[in-house]
Amino acid sequence: MIETRELGWDYAPIADGGHPIPGLDGVGVRIRAGEFVGVVGPTGAGKSTLCMALAGIIPNLADGDMRGTVTVAGCDTARTSVAELSLNVGYVQQDPESQLFCASVEDEIAFPLENRGMDPTLMDRRIDDVLALVGMGAYRRRVPTSLSGGQMQRVALAAALAAEPDILILDEPTAALDPDGRRDVFAALAAIRRSRTGRNLTVVMAEQDTSHFPGWADRILVLDRGRLVAQGDVGLFDREPDLFARLGVAPPGDGEPTLRVLPADGGGAADDPAIVLDHVTYRYDGTESGESSDDGTPDGNRSATPAPALDDVTCTIPRGAFVGLVGRNGSGKTTLARHLNALLKPASGRVVVDGLDTRTHTVGRMAAHVGFVFQNPDHQIFCATTREEIGFGPRALGRTDAQVRAAVDDMLRLFDLERFADISPATLGYGDRRIVALASVLAMRTPILVLDEPTAGLDRNLSATLLDAVAALNRAGTTVIMISHDMRAVARYCTHVMRMDSGRLVAYGRLARDTRAAHDTYDDARDPNDEHDEHDDRRRELR
C-alpha cells in the first residue's frame with residue numbers, strides 16, 4: 001500500500017546562496033493495507049516532511065530535492081499529481097487553518113465530494129454524517145476561520161474523511177484538541193473503519209501525544225533528525241524508555257492528572273490585582289474570528305441572538321499568579337484571553353489589566369503591559385529575519401539598542417535559534433515558528449504574559465525549555481495566563497486554574513499543592529543520563 005525506499009528530502013535554501021535544509025535522510029518503510037502506523041519524534045525530526053511525502057505534496061508542490069522513491073497505492077508520487085493521489089489519500093496538515101479556504105464548514109466538506117462527482121442528492125446526507133462523526137454537526141454554516149483552533153482541526157479531519165479515502169495521513173490531528181476532542185477523533189476513525197465493507201483504512205498518524213497508540217497502532221516509527229532510528233510495535237515504548245526520554249516523546253502511560261482547585265478566597269488580590277474581570281459578557285456577530293459563540297443547537301433552530309461567547313465572567317487575578325486557563329474547545333478561553341490586551345472589548349462589564357480599563361485603551365497601548373502569544377504563530381510573525389522578529393517588540397517599547405541586542409541574543413541562545421537568526425521566520429517549520437513567536441514576546445518583558453496553547457505540537461523537552469523560561473519570569477514577578485489542554489503542564493507550572501464551559505467561568509482558584517507535587521513530569525521527561533541541562537545557565541540568568 002505504501003513504500004518508501006531510501007527517501008531523502010532537502011528543502012530549498014531559505015536565503016540566496018544558502019545551503020539546502022535537510023528534511024529526511026534515507027527513510028525506508030513499508031506499510032501494509034489496513035495498518036495503523038504512529039510516527040513520533042522530537043520537534044523538527046521530519047514527521048511533517050514524511051507526511052507530506054506520503055501525500056505527494058513532496059515533491060510535487062514543495063521546493064527542494066528528493067532522493068529515493070515513494071509509492072502510494074501503486075503510484076509513484078514523483079510521477080503522479082496530488083489531485084490524482086487525493087482520490088485514494090486523505091491528508092490533514094499540522095496547521096488546519098492553512099488548508100481551510102471555503103466560505104463555510106459545509107463547503108469545506110462538499111469540496112472533495114464535488115471533485116469526485118458525488119450525486120448532489122447524496123451530498124447533504126454525507127456532510128451531516130461526517131460532521132456528526134467529529135462532533136461539529138451544529139457548525140455546518142459557520143465560517144471556518146471563525147472557529148477555535150480545535151474546532152478547525154475537527155473540520156479539516158471531516159473534510160479528509162468525507163470522500164472515504166483508502167489512506168489517511170494525519171499530521172498532529174489532536175494537538176489543539178481537549179481530551180474529549182482527542183477521544184472523538186479516535187472514535188471517528190473507529191466508526192469509519194467499521195463502516196467500510198471489504199476495504200481497509202490505512203492510517204499514518206504523526207503525534208506528540210502517544211496516549212491513544214496502545215490499542216490502535218500496529219506499529220510505531222521513530223524519527224530523529226530526518227532519519228528512521230527505531231520502529232516496532234507499541235511495546236517499543238517499554239523496551240526503549242531512554243530513547244524516548246532523550247527525544248522528548250512522552251510514553252503512552254504518562255496519564256494526565258486530575259486538577260484539584262481550591263476555591264478563591266480573594267486573599268490580597270484586591271489590594272493590587274494584575275487583572276480584574278467584572279461581569280464580562282461578549283457575543284460574536286457571526287463573522288468575527290475567534291472561538292465559537294454557537295449555542296450547540298442544530299442549524300435552523302437557533303435563536304436570533306447567539307449565545308454569548310463570554311457570559312458574566314467575574315474574577316480577580318493577583319499579581320505574580322501563573323494561571324492555567326482550561327476547558328473544552330469552543331468554551332471561551334481564547335475569547336477571554338483576547339480581552340486582556342484589548343483585541344476584543346466587552347459588550348458589557350469591565351476588564352481592568354495592570355490598572356488600565358481595556359475599553360479606553362488601544363491594543364498598541366496595552367502592548368507595553370501585556371505580551372500575547374497567539375495559538376497560530378502565523379498570526380504574529382511578519383519580520384524579514386528571526387533576529388528582527390524577536391527585536392521588534394522591545395524596540396517598539398522604546399528599549400535602547402543595547403537592551404534590544406541583549407534581549408535578542410538571550411532568546412536566540414535560550415531556544416537554540418542562532419542558526420535561524422538571519423533568515424525569515426515565516427519559512428521555518430511549524431514548531432520553530434511557534435518558538436520564534438514565543439521568543440519575540442518573552443523578549444518584551446511585559447508585566448503580564450498571555451500564552452494561547454504554547455506547547456501544542458512541541459516535544460516534551462522543548463516544551464519544558466519553553467515553560468521553564470516562562471516560569472523563571474513568573475518567579476521574578478510576571479503574571480502569566482496560559483491556555484492549555486496539557487494538564488501535566490498546568491499541574492507542573494501553574495499556581496491557579498480557571499475553568500471555562502460554554503462561555504462561563506465554572507471554577508477558579510488556587511491549584512492544590514498536592515496536585516502540583518504529584519505531577520512534576522516535565523523535568524522527568526528529560527534524558528535520565530544527562531548530568532547537565534544545557535539550558536540551566538540561561539534559565540538562571542532569566543531568574
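Residues numbered from 1 in each chain as written. Predicted model: local features only at pLDDT ≥ 70, side-chain atom pairs only at ≥ 80, totals over all residues. Heavy atoms only, no water.

Visitor: Quick one: what's the story with the packing of aromatic side chains, residue by residue and with numbers?
Guide: One pass over the structure, following the stated rule, counts 9 aromatic pairs. Ring centres of phenylalanine 101 and phenylalanine 111 lie 5.1 Å apart, and the angle between their planes is 90 degrees; this geometry places the pair in the edge-to-face category. Of this pair, phenylalanine 101 sits in the loop between strand S6 (89–92) and helix H4 (105–115) while phenylalanine 111 sits in helix H4, and the two are 10 residues apart along the sequence. Centroid distance phenylalanine 382 to phenylalanine 392: 4.9 Å. Interplanar angle 85 degrees. Geometry classified as edge-to-face. In this pair, phenylalanine 382 is assigned in the loop between strand S17 (370–373) and helix H12 (386–396) and phenylalanine 392 in helix H12, connecting sequence segments 10 residues apart. (Phe/Tyr/Trp six-rings, centres within 6.5 Å; stacked < 30°, edge-to-face > 60°. Helix = DSSP H or I, 4+ residues; strand = E, 2+ residues; numbered from the N terminus.)

Visitor: Describe in detail the side chain of threonine 174, supporting the description with residues and values.
Guide: Secondary-structure assignment places threonine 174 in the loop between strand S7 (167–171) and helix H7 (179–195). We classify threonine 174 as buried; its relative accessible area is 3%. Among the polar contacts made by the side chain of threonine 174, one reaches the side chain of glutamate 207 at a distance of 2.4 Å. Non-local contacts of threonine 174, meaning those with residues more than four positions away in its chain, are made with Gln153, Arg182, Val185, Phe186 and Glu207. (Buried < 20%, exposed > 50% of the residue type's maximum accessible area, 1.4 Å probe, protein only. Polar contact = N/O pair within 3.5 Å; in protein donor to acceptor, adjacent residues only side chain to side chain. Contact = heavy atoms within 4.5 Å.)

Visitor: Outline the nonpolar core, listing residues and values.
Guide: Among the nonpolar cores identified, the biggest contains 49 residues, and Leu161 and Val222 are the most heavily contacted of them. The dominant element in this core, judged by the number of residues it contributes, is helix H6 (residues 149–162), at 9 residues. Those residues in contact with valine 222, other than ones at most four positions away along the chain, are Val40, Arg227, Leu228, Val229, Ala230, Leu236, Leu243, Phe244 and Leu247. If you look at the next biggest cluster of nonpolar residues, it comprises 46 residues, including Ile435, Ala469, Val480 and Leu511. (Core = buried A, V, L, I, M, F, W, Y, C linked by side-chain atoms within 4.5 Å.)

Visitor: I'd love a proper account of the confidence of the model for the protein, names of residues and values included.
Guide: On average, residues of the protein score 86 in pLDDT, and 88% of them are at 70 or above. The low-confidence segment residues 287–303, where pLDDT is below 50, has 54 contacts with residues more than four positions distant or belonging to other chains. Confidence over residues 524–543 falls short of pLDDT 50; this stretch has 37 contacts with residues more than four positions distant or in other chains. (pLDDT = per-residue confidence, 0-100.)

Visitor: Hey, could you go over the environment of threonine 385 for me, with residue numbers and the actual values?
Guide: Here threonine 385 is to be found in the loop between S17 and H12. Sequence separation between threonine 385 and aspartate 422 is 37 residues; the distance between their C-alpha atoms is 5.1 Å. Other than its neighbours up to four places away in sequence, threonine 385 contacts Ala421, Asp422, Ile423, Ser424 and Pro425. For threonine 385, the side chain forms a polar contact with the main-chain nitrogen of glutamate 388, separated by 3.0 Å.

Visitor: Run through the packing of helix H5 (residues 120–133) against H6, naming residues and quoting values.
Guide: Following both chains from N to C, one finds H5 and H6 inclined at 130 degrees, their axes separated by 9 Å at the closest point. Accordingly, the angle class assigned to the pair H5 and H6 is oblique. The two elements H5 and H6 meet at a crossing, and its hand is right-handed. Of the residues in H6, those touching H5 at Arg126, Val130 and Leu131 are Ala158, Leu161 and Ala162. Residues that form the contact of H5 with H6 fall into these classes: 5 nonpolar, no polar and 1 charged. (Axes fitted to C-alpha atoms, helices over the stretch in contact; angles between N-to-C directions. Parallel < 35°, antiparallel > 145°, perpendicular 65-115°, else oblique. Left-handed = near helix turned anticlockwise from the far one by under 90°. Nonpolar A, V, L, I, M, F, W, Y, C, P; charged D, E, K, R; others polar.)

Visitor: Got a sec to walk through the pattern of salt bridges? Specific residues and values, please.
Guide: Taken as a whole and assessed by the stated rule, the structure comprises 28 salt bridges. In this structure, the salt-bridge partner of aspartate 180 is arginine 183, at a minimum N-O distance of 2.2 Å. Linking aspartate 180 with arginine 183, this pair stays in helix H7, spanning 3 residues, or about one helical turn. The partly exposed category is assigned to aspartate 180, whose relative accessible area is 27%. Arginine 504 is the salt-bridge partner of aspartate 311, the closest N and O atoms lying 3.0 Å from each other. Of this pair, aspartate 311 sits in strand S13 (residues 310–318) while arginine 504 sits in strand S21 (residues 504–511), placing them 193 residues apart in sequence. (Salt bridge = Lys/Arg side-chain N within 4 Å of Asp/Glu carboxyl O.)

Visitor: Talk me through the sheet that holds strand S18 (residues 448–452); I want residue IDs and the actual numbers.
Guide: What the 7 strands build is an open sheet, ordered S11-S21-S20-S14-S19-S18-S17; its pairing is mixed. Among the strands making up the open sheet, the edge pair consists of strand S11 (261–263) and S17. Adjacent strand axes in the sheet meet at a mean angle of 25 degrees when their direction is disregarded. Looking at chain direction, strand S14 (residues 322–327) and strand S19 (residues 479–483) are connected through 4 bridges and run parallel. What sits directly across from glycine 324, in S19, is methionine 482. (Pairing = 2+ DSSP bridges.)

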